[in-house]
Each structure stands twice: as structure tokens, then as C-alpha cells.
Amino acid sequence: MLMTDRPRFALRFISGKYQGGEFPLRMNREIIIGRSSDLDMVLVEDMVSRRHAKISSTDADVFIQDMGSTNGTFVNGEKIAGRAQLAEGDRILVGTSIIKVVGVEGSVAQQTEAEARRRLEAGAQQRQQTQGRPMSGVIEEIPLPDLLQLLSTSRKSGVLTINNGVSIGKIYLRKGAIYFATINDDFAVSPQKAIYRMLTWATGTFELEPSVEMQVMEEIQESTEGLLMEGVRQLDEFRNLQKSLPPLGSPLAVPTPLAGKLRELTPSELDTFQLVLDHGQLQKVLDNFPGTDLDAAQNIISLMKREFVVVP
């Protein structure tokens, strides 16, 4: 390979059948992606069209174009209509494969396209033998808000299972819409609260199992986009408050005598005060509070400042 032909970027598969594979993007070149065996990048799966998308590169820029595929091509959660420019860090969804545009590194830069194709196929066969799961990955590579946006805009159905090493969360999707969620199968925590909590998880693995329909009494009515926007807003505010809170496992107690009159409290603060009496631990107060973790945290900080609640 000539040095002038050296790729500046590569496509790294971060989820799906070909996870772990990398494909160098040589400059001034067109690559056709699809299911047909005679193409530059062959992705053998049902949701990929025979000729699905085209990636073209110049000396300076990289572009992607959908080729009239059945299920569409997505960049950073948005379905592309014409041609879209790609930048390092962008995430592309083709079928069940999430592909990240990365700076080219080490041996990948030296690979020919034929070598890259062989490695992709060998990796896919190995994963199929050991795991057999079509769509999985790690949330360090694709944060949960980005993953849910991709699954929403591509109208995926099934159950997304997230394991952060401590808890197991499940998010149920129907044609891209989130209709239920649990953490550790605890139905006492509202599905909205479960989603907002999962959005705080920065590490762990995910796996999408298709066609799992859950019968629930009350489905989430909010749009997935609305849930994600509200969840990210709450996440930012909760992180700001955390420095004023004790660790989640901390005991909480009510001192005697009280520093003030209970009638000074708002109804929401009074409910939180009752939960401290009933449960005596920060995590359990958050779990049993009927509103969001953010509202509960604000109440607890207010109660602690006025010494209605203390950490014994």
C-alpha cells in the first residue's frame, strides 16, 4: 500500500455480529456495504439490504449515502435521506451493526480490504459459535442514551438487557418505543425511574433480545425522545446534588427533639420525612419515593440542612 493511500479513518464494529472488527477507509475510494457477496464490505444478516449503503472518501472528507435500503442507514441516531458527511466518533447503524468512525491505528492501517473482509467474517463466525446473540456490546463504547436513540429511530423491538456488574436493567421496546423498564425485576420502582437510573450507568454490557413482548398493567406513554431528554436533564442535576448527599447505602435517622415544626415542611418534604422514619436508609427512601430520584434528593438535602434528618 502506498503511503499516499494510507487510510486516515477506519470503521470499528462496536455491536452486532461483526463486533470487534475494523475496516480501513482508504482515501479517494468508494466502498459499497450490503448483503451481496460481491461487495466491498459484506454484512450477512436479514436486516441488511443486498446493496445497503455507500461510503466514499476524498483526501479530506468521508461521506455515507443510503442506497435505497429497506431498513435505512442511521448516523448518530438520525436516518439519513441523501448523503451525510462523517467525522471521527460518529456512529453508523446498518442492520444490527453499530459501526464507529475511528482514527486509524497500527496494523489496521496496513491491512488490505481483502484482509479486513476475511477478518470480519472470521470474527463473526467465532462470535456466533460462542455467543449467538445478534446485538450486544459495551456501554463504554456507546452510552445508553445514544444506544436508545439508535434503537428508537430504527424502530427496533425486543428487550434490551443492561448489566453494570451490580444490577441488571431491562428496557422493553416495541417498534422503537420504550413501553416498560425494570432494574433487578423490582416492580416497586416505576419504569420511568428505572430508565432515569440506568441512564446514569457509565460502564457495563448490553444485549438486545428480539421479539420479547411483556404484558404490563401500565405502559409508559411518553415518547422515547422525551424520556431521554428528561433523563439526561435529571442526570446532570442529580450529579450536581450528589456532593451534598451521603453515599446511597447510608443510614438516615430523625433526631429528637426536632429542630423545627413539621408544619414548616412542604407536602413532598413531609412524605420524604415519613420514608426516612419507615426505611431509615437513603437508597430505600429513593426507591420508595413516588416521584423522581432528583425530587427525593432535593427534599433530603433540604431536610438535612434544617436538621429534620441526620446521618447517625
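Heads up: the structure comes first, above all this text.
Note that this is a predicted model, so its numbers are computed, not measured.

### Notes on the packing of helix H6 (residues 267-279) against helix H8 (residues 293-305)
Argument step 1. Direction vectors running N to C along H6 and H8 enclose 80 degrees, while the axes themselves pass 9 Å from each other. Put simply, H6 runs roughly perpendicular to H8. Contact with H6, carried on its side by Ser268, Glu269, Thr272 and Phe273, involves Ala296, Asn299, Ile300, Ser302 and Leu303 of H8 and no other residues of that element.
Argument step 2. Partitioned by chemical class, the residues of the contact of H6 with H8 number 4 nonpolar, 4 polar and 1 charged.

### Brief notes about the environment of glutamine 215
Argument step 1. Mapped onto the secondary structure, glutamine 215 falls in the loop between strand S16 (205-209) and helix H5 (224-242).
Argument step 2. You can call glutamine 215 exposed: its relative accessible area is 72%.
Argument step 3. Put simply, glutamine 215 and phenylalanine 180 are 35 residues apart on the chain and 9.3 Å apart in space, counted from C-alpha to C-alpha.

### Some remarks on the sheet that holds strand S11 (residues 97-103)
Argument step 1. Pairing is antiparallel across the open sheet formed by 6 strands, whose spatial order is S2-S1-S11-S10-S7-S8. Where the open sheet ends on each side, the last strands, each with one partner, are strand S2 (22-25) and strand S8 (78-79).
Argument step 2. Relative to S2, strand S1 (residues 9-15) runs antiparallel, the two sharing 4 bridges. In the sheet register, phenylalanine 9 faces S2, and the bridge partner there is leucine 25.

### A few points about a nonpolar patch on the surface
Argument step 1. A cluster of nonpolar side chains, contributed by Leu258, Leu262 and Leu270, occupies part of the molecular surface with about 210 Å² of accessible area.
Argument step 2. Given the relative accessible area of 37%, leucine 270 is considered partly exposed.

### Considering the packing of aromatic side chains
Argument step 1. Applying the stated criterion across every chain, the model contains 5 aromatic pairs.
Argument step 2. When the centroid spacing of 5.9 Å and the interplanar angle of 55 degrees are considered together, the rings of phenylalanine 13 and tyrosine 18 count as tilted. Both residues of the pair, phenylalanine 13 and tyrosine 18, count as buried.
Argument step 3. Between tyrosine 172 and tyrosine 179 the ring centres are 6.2 Å apart and the planes differ by 50 degrees, which places this aromatic pair in the tilted class. Per residue, the accessibility class of tyrosine 172 equals that of tyrosine 179, and both read buried.
Argument step 4. Ring pairs connect the aromatic residues Tyr172, Tyr179, Phe180 and Phe187, which therefore count as one cluster.
Argument step 5. Sitting over the face of the ring of phenylalanine 63, arginine 83 holds its NZ or CZ atom 3.8 Å from the ring centroid.

### Here's the deal with the environment of alanine 297
Argument step 1. Residue placement: alanine 297 occurs in helix H8.
Argument step 2. According to the relative accessible area criterion, alanine 297 is buried, its value standing at 0%.
Argument step 3. In this structure the C-alpha to C-alpha distance between alanine 297 and threonine 272, which are 25 residues apart in sequence, comes to 9.4 Å.
Argument step 4. When near neighbours in sequence (up to four residues on either side) are disregarded, alanine 297 contacts Phe238, Leu241, Leu245 and Leu286.

How each quantity is defined
- Residues numbered from 1 in each chain as written.
- Predicted model: local features only at pLDDT ≥ 70, side-chain atom pairs only at ≥ 80, totals over all residues.
- Heavy atoms only, no water.
- Axes fitted to C-alpha atoms, helices over the stretch in contact; angles between N-to-C directions.
- Helix = DSSP H or I, 4+ residues; strand = E, 2+ residues; numbered from the N terminus.
- Parallel < 35°, antiparallel > 145°, perpendicular 65-115°, else oblique.
- Contact = heavy atoms within 4.5 Å.
- Nonpolar A, V, L, I, M, F, W, Y, C, P; charged D, E, K, R; others polar.
- Buried < 20%, exposed > 50% of the residue type's maximum accessible area, 1.4 Å probe, protein only.
- Pairing = 2+ DSSP bridges.
- Patch = residues over 30% accessible without salt bridge, like charges linked within 9 Å, V, L, I, M, F, W, Y side chains within 5 Å.
- Areas by Shrake-Rupley, 256 points an atom, 1.4 Å probe, with all protein chains shown as cover.
- Salt bridge = Lys/Arg side-chain N within 4 Å of Asp/Glu carboxyl O.
- Phe/Tyr/Trp six-rings, centres within 6.5 Å; stacked < 30°, edge-to-face > 60°.
- Lys NZ or Arg CZ within 6 Å of the ring centre and 35° of its normal.

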